[in-house]
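A structural walkthrough
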Amino acid sequence: MRLVLLGPNGSGKGTQAKMLRSELGIPHISTGELFRAAVSAGTEIGLAAQAMVAKGELVSDDLVAALLAQRLAEPDAAKGYILDGYPRTLSQALALDTLLEAADQTLDRVIELIVPDDVVLARCEIRFTAQHRPDDDPAVVRERLRIYRTQIPPIVELYSGRGILTEIDGIGEAAEILHRILAALSR
Ligand code: AMP
């Protein structure tokens, strides 16, 4: 199963992706994690992306596509994957189509976690106080949320037009939200 998870930082997307990985037995592919790993390993892509990743700004579409193509070519991705953090723009969604078409594949489902802004902001503030993750800084969260809300509508429209988008209420216990996602996937 090839799955995309959409949702802003603080929507619980990472937690759900990890739980889905165990449930479905397919890898969780986070472009953010891939970038952080590439930066610390000092690979060519990592070096090229370093400045943007450090500032929390979007890396160019070409670099993300190159990074993703490399990861999707690894053997464990042959049976499917949970994509997290990609696509973030309509052009990335179209690039993903091209990548999948070249491999004669399609996406099975796109799950959008629905969490209102005030909840996202409150969750990130709690996490920032506890863990001091720089990307949870309230000013950073607000800006990322603004970008997310601007970029996401055409992506949602694209996938809902194809009949593969499912909106999932992202409020509640993690286990309960996982249950909602699994129920949607089995329909
Ligand atoms: P994340 O952990 O998903 O917030 O990603 C961390 C950083 O990696 C982002 O702030 C961007 O610099 C970069 N990144 C991750 N995914 C993408 C993407 N799909 N497009 C552009 N940049 C990305």
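Structural data are supplied above this passage.
Remember, it's a predicted structure, so these values are computed and weren't measured experimentally.

**A short note on helix 7 (residues 138-161)**
- With 24 residues, helix 7 ought to run about 34 Å at 1.5 Å a step, and its terminal C-alpha atoms sit 34 Å apart, in line with that.
- The largest bend along helix 7 reaches roughly 40 degrees and is located at I152, with the proline P153 sitting one to four residues downstream.
- The complete set of buried residues in helix 7 reads V141, L145, Y148, I152, I155, V156 and Y159.
- Contacts from the buried residues of helix 7 go to strand 1 (2-6), helix 5 (90-102), strand 4 (109-114), helix 6 (117-131) and strand 5 (165-169).

**Points about the nonpolar core**
- Within the largest apolar cluster, 30 residues are counted, with the highest numbers of intra-cluster contacts made by L6, I29, L83, L96, L107, V110 and Y159.
- Elements represented by at least two residues in this core include exactly strand 1, helix 2 (31-41), helix 3 (44-55), helix 4 (61-72), strand 3 (81-84), helix 5 and helix 7.
- Once residues lying within four places of it in the same chain are set aside, the contact partners of I29 are L34, L68, R71, L72, A77, Y81, I82, L83 and D84.
- Among the nonpolar cores identified, the runner-up in size contains 14 residues, and L5, A17, I168 and L185 belong to it.

Cut-offs applied
- Residues numbered from 1 in each chain as written.
- Predicted model: local features only at pLDDT ≥ 70, side-chain atom pairs only at ≥ 80, totals over all residues.
- Heavy atoms only, no water.
- Helix = DSSP H or I, 4+ residues; strand = E, 2+ residues; numbered from the N terminus.
- Expected span 1.5 Å × (residues − 1).
- Bend = angle between axes of the 7 residues up to and from the residue.
- Buried < 20%, exposed > 50% of the residue type's maximum accessible area, 1.4 Å probe, protein only.
- Contact = heavy atoms within 4.5 Å.
- Core = buried A, V, L, I, M, F, W, Y, C linked by side-chain atoms within 4.5 Å.

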